[in-house]
Amino acid sequence: MVEQNLRFRDDEPVGDPAVTVDAFADQSNATAVRIEPGDDARALLPHLDRLALVEVNFPAYTDGRGYSAARILREHGYAGELRAVGDVLLDQLSHMRRCGFDSFAPNQPISVEAAEKAFATWPDVYQKTVDGRPAIWAKRHPA
């Protein structure tokens with residue numbers, strides 16, 4: 001595994017180790033948690049104010065459950081670092097960013113330049129996003 005963290009945030013990186021969702025429930029001082037496939041991100045909703053980092057594990061690029069976990073957290077107001085870890089591919093970065101990921105720790109190295117190019121690949125999107133971009137339908141039919 002390559003130790004790499006592509007971080008697209010202005011605040012200080014979190015140095016605390018991430019604990020499992022189950023372990024987090026039993027700890028009052030944990031500020032970082034790691035969601036595995038099958039974990040329910042909604043279990044973290046009552047604790048969003050004390051979380052500084054949420055890692056979402058992608059053991060295989062074909063497992064999309066982490067996208068849902070990210071959206072759940074962001075749509076409920078989580079503002080801390082949201083890091084995709086594991087089998088994270090360059091082609092997925094733009095989609096992950098739209099779901100709210102702002103940090104990436106891929107198994108294989110990805111350059112910052114390649115990541116930024118991936119983010120700019122699709123400036124207009126059809127689906128609702130949590131990254132602040134309005135969907136095309138919202139641009140066509142403003143409220």
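Now for a description of the structure that goes with this document. If you're wondering where the values come from, they're calculated on a predicted model, not measured in any experiment. (Residues numbered from 1 in each chain as written. Predicted model: local features only at pLDDT ≥ 70, side-chain atom pairs only at ≥ 80, totals over all residues. Heavy atoms only, no water.)

**Some thoughts on the pattern of salt bridges**
To keep it simple, the criterion reads: For this analysis, a salt bridge means a side-chain nitrogen from Lys or Arg found within 4 Å of a carboxyl oxygen belonging to Asp or Glu. Labels follow the DSSP assignment, with helices taken as runs of H or I lasting at least four residues and strands as runs of E lasting at least two, numbered in each case from the N terminus.
A complete count under the given rule lists twelve salt bridges for this structure. A salt bridge links Glu-81 to Arg-7; the shortest N-O distance between them is 2.8 Å. Here Glu-81, found in strand β5 (residues 81-86), pairs with Arg-7, found in strand β1 (residues 6-7); they are 74 residues apart in sequence, far enough to count as distant. Across the pair Asp-102 and Arg-9 runs a salt bridge whose closest N-O atoms are separated by 2.5 Å.

**As for the side chain of Asp-63**
Selection criterion: Residues adjacent in sequence count toward polar contacts only when both atoms are side-chain atoms; beyond that, a polar contact is any pair of N or O atoms within 3.5 Å, and within protein one must be able to donate a hydrogen and the other to accept it. The criterion used for residue contact is that any of the two residues' heavy atoms lie within 4.5 Å.
Structurally, Asp-63 is set in the loop between β4 (53-58) and α2 (65-75). Side-chain polar atoms of Asp-63 contact the side chain of Arg-65, separated by 2.7 Å. Discounting residues that sit within four places of it in the chain, Asp-63 has contacts with Pro-37 and Phe-58.

**Focus on the side chain of Glu-55**
Under the convention used in this document: Accessibility here uses a 1.4 Å probe with only protein chains present; expressed as a share of the type maximum, an area under 20% marks a residue as buried, one over 50% as exposed, and anything in between as partly exposed.
Positionally, Glu-55 belongs in strand β4. Relative accessible area serves as the criterion here: at 11%, Glu-55 is assigned to the buried category. Polar side-chain contacts of Glu-55 include one of 3.1 Å to the side chain of Arg-83. Setting aside chain neighbours within four positions, we find Glu-55 in contact with Ala-18, Val-33, Arg-34, Ile-35, Arg-83 and Val-85.

Keep in mind these values describe shape, not function.
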